[in-house]
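Residue-level structure breakdown
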Amino acid sequence: MKKFVSMFLALVMCLTLTAPVYALEESNSSDSVDVLYIEGQYVQVDNNLSQEKRDELINLMKETNFIPEGIVCDIGQTHGWYDEEKDDKAASYVISPDKFWCTIVSTKLDMPGYDAFKLSAIGQWKNSPTDPIFVFDDVMAMCWSGNLSLYNNSARTFYKTSDGVSHELTNQAVCSKVTPSAGIAYTVPTRVLSNLTYYYLWYIQIDAYIRTPDTVGTANAVAQYAHKYIGGDVIVNFLSNLPDLSFSGAAIDNLSEPGYCELVY
């Protein structure tokens, strides 16, 4: 009988050790990193990330297909856009804040000998632009300070049909500008015709992988989206060693509010 009880207890212990654990909120995995369980994904975040920013991350992952790579250090999210020439910001939105969100996320990557980060900028239409006449290429851009070197970049684009069904369409975004130690920009069509079906831009995500040899410091990054209703080029300008960008050209009609985030290394 004692042998049976011992075997039973051993079996229970084995099952307990091998069963997966699902964290509904978060659990501490180290002194500096928390683990969140969001939309079926375990996500590492810096334990100094505020609850407000954690909520922004959770909301972003619920609303899009965004999945962080590495440890989330910071997130900046803004809603809508405005006419910078108007003094009254509350009354100056060209597109209301419930129609467009701009987000930038910084994550720390594990790369021996380097402080490496991934910056992800997401320009998300809450209501896709479906105007059948004025359809042009918009621009998503981001830049960073600190002279961190760019070693890879990419983009993903997601569209919706008129009935709201989402699709990822490849090879739509085109890298229009790269400054290796400052920033990147991509152009993206707001409407695509494929197989007799129109697809309207839902969101674009551009990613920059940047790094610097192991050191101690801080840097900042900014993302912004330019939307236009008329033809012509949108020119993106990155200011040297500053997290600042500007757009110029007759084609510009609207700029999103910029989103900012911080890099600590």
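These figures come from a predicted structure and were not determined experimentally.

**Topic: the overall build of the protein chain**
Within the protein chain one finds two helices and 20 strands. Counting every position in the protein chain, which comprises 265 residues, the buried fraction comes to 42%. Counting every atom, the protein chain has about 13800 Å² of accessible surface; 52% of that belongs to carbon and sulfur.

**A closer look at the packing of aromatic side chains**
If you walk through the whole model with that rule in mind, you get 10 aromatic pairs. For the ring pair Tyr-151 and Tyr-209, a centre distance of 6.0 Å and an interplane angle of 55 degrees mean the geometry is tilted. Of the two residues, Tyr-151 is situated in strand 10 (residues 149-160) and Tyr-209 in strand 15 (residues 197-213); the sequence distance between them amounts to 58 residues. Its relative accessible area of 30% is what places Tyr-151 among the partly exposed residues. When the centroid spacing of 4.5 Å and the interplanar angle of 15 degrees are considered together, the rings of Phe-158 and Tyr-203 count as stacked. In this pair, Phe-158 sits in strand 10 while Tyr-203 sits in strand 15, placing the two residues 45 residues apart along the sequence. Here Phe-158 matches Tyr-203 in class, with each residue buried.

**Some points on the nonpolar core**
Membership of the largest hydrophobic core comes to 31 residues, with the highest contact counts inside it found for Leu-119, Met-142, Trp-144 and Ile-210. Top element by residues in this core is strand 15. It accounts for six residues. Judged by nonpolar contacts, the second largest core, of 16 residues, contains Leu-36, Leu-49, Ile-75 and Tyr-203.

**Structural notes on the side chain of Thr-64**
For Thr-64, the location among the structural elements is in the loop between helix 2 (51-63) and strand 4 (71-79). Among the polar contacts listed, one links the side chain of Thr-64 to the backbone oxygen of Leu-60, at a separation of 2.8 Å. There is a polar contact of 3.2 Å between the side chain of Thr-64 and the backbone nitrogen of Phe-66. Sequence-distant contacts of Thr-64, that is, excluding residues within four places in its chain, are made with Gln-124, Trp-202 and Tyr-203.

**Topic: the pattern of salt bridges**
Under the counting rule described, the total for this entry stands at six salt bridges. Across the pair Lys-126 and Glu-63 runs a salt bridge, and its minimum N-O distance is 2.3 Å. Taken together, the positions of Lys-126 in the loop between strand 8 (114-125) and strand 9 (137-144) and Glu-63 in helix 2 put the pair 63 residues apart, joining distant regions of the chain. On the accessibility criterion, Lys-126 (26% relative accessible area) is partly exposed. Taking the shortest distance from any N to any O, the salt bridge between Lys-118 and Glu-69 comes out at 3.2 Å. Of the two residues, Lys-118 sits in strand 8 while Glu-69 sits in the loop between helix 2 and strand 4, which places them 49 residues apart along the sequence.

**Thoughts on the side chain of Gln-224**
Among the structural elements, Gln-224 can be located in strand 16 (residues 218-227). Of the polar contacts made by the side chain of Gln-224, one reaches the backbone oxygen of Ser-256; its length is 2.9 Å.

**Digging into the environment of Asp-233**
Its place among the elements puts Asp-233 in the loop between strand 16 and strand 17 (235-238). For Asp-233, a relative accessible area of 61% gives the class exposed. As a C-alpha pair, Asp-233 and Asp-138 span 95 residues in sequence and 9.6 Å in three-dimensional space.

**Details of unusual backbone geometry**
Unusually for a residue other than glycine, Asn-147 sits at a positive phi of about 60 degrees. Structurally, Asn-147 can be placed in the loop between strand 9 and strand 10. The backbone of Asn-171 shows a phi angle near 60 degrees, a positive value even though the residue is not glycine. Summarising the element assignment, Asn-171 is placed in the loop between strand 11 (166-168) and strand 12 (174-179). What makes Asn-171 exposed here is its relative accessible area of 76%.

**A word on the confidence of the model for the protein chain**
As a general rule, the predicted coordinates of low-pLDDT regions are not to be interpreted in detail. Averaged over all residues, the pLDDT of the protein chain equals 81, while 72% of them reach at least 70. Within the model, the stretch residues 7-29 combines pLDDT values under 50 with 18 contacts to residues more than four positions away or in other chains. Confidence over residues 86-93 falls short of pLDDT 50; this stretch has 11 contacts with residues more than four positions distant or in other chains.

Conventions we followed
- Residues numbered from 1 in each chain as written.
- Predicted model: local features only at pLDDT ≥ 70, side-chain atom pairs only at ≥ 80, totals over all residues.
- Heavy atoms only, no water.
- Helix = DSSP H or I, 4+ residues; strand = E, 2+ residues; numbered from the N terminus.
- Buried < 20%, exposed > 50% of the residue type's maximum accessible area, 1.4 Å probe, protein only.
- Areas by Shrake-Rupley, 256 points an atom, 1.4 Å probe, with all protein chains shown as cover.
- Phe/Tyr/Trp six-rings, centres within 6.5 Å; stacked < 30°, edge-to-face > 60°.
- Core = buried A, V, L, I, M, F, W, Y, C linked by side-chain atoms within 4.5 Å.
- Polar contact = N/O pair within 3.5 Å; in protein donor to acceptor, adjacent residues only side chain to side chain.
- Contact = heavy atoms within 4.5 Å.
- Salt bridge = Lys/Arg side-chain N within 4 Å of Asp/Glu carboxyl O.
- pLDDT = per-residue confidence, 0-100.

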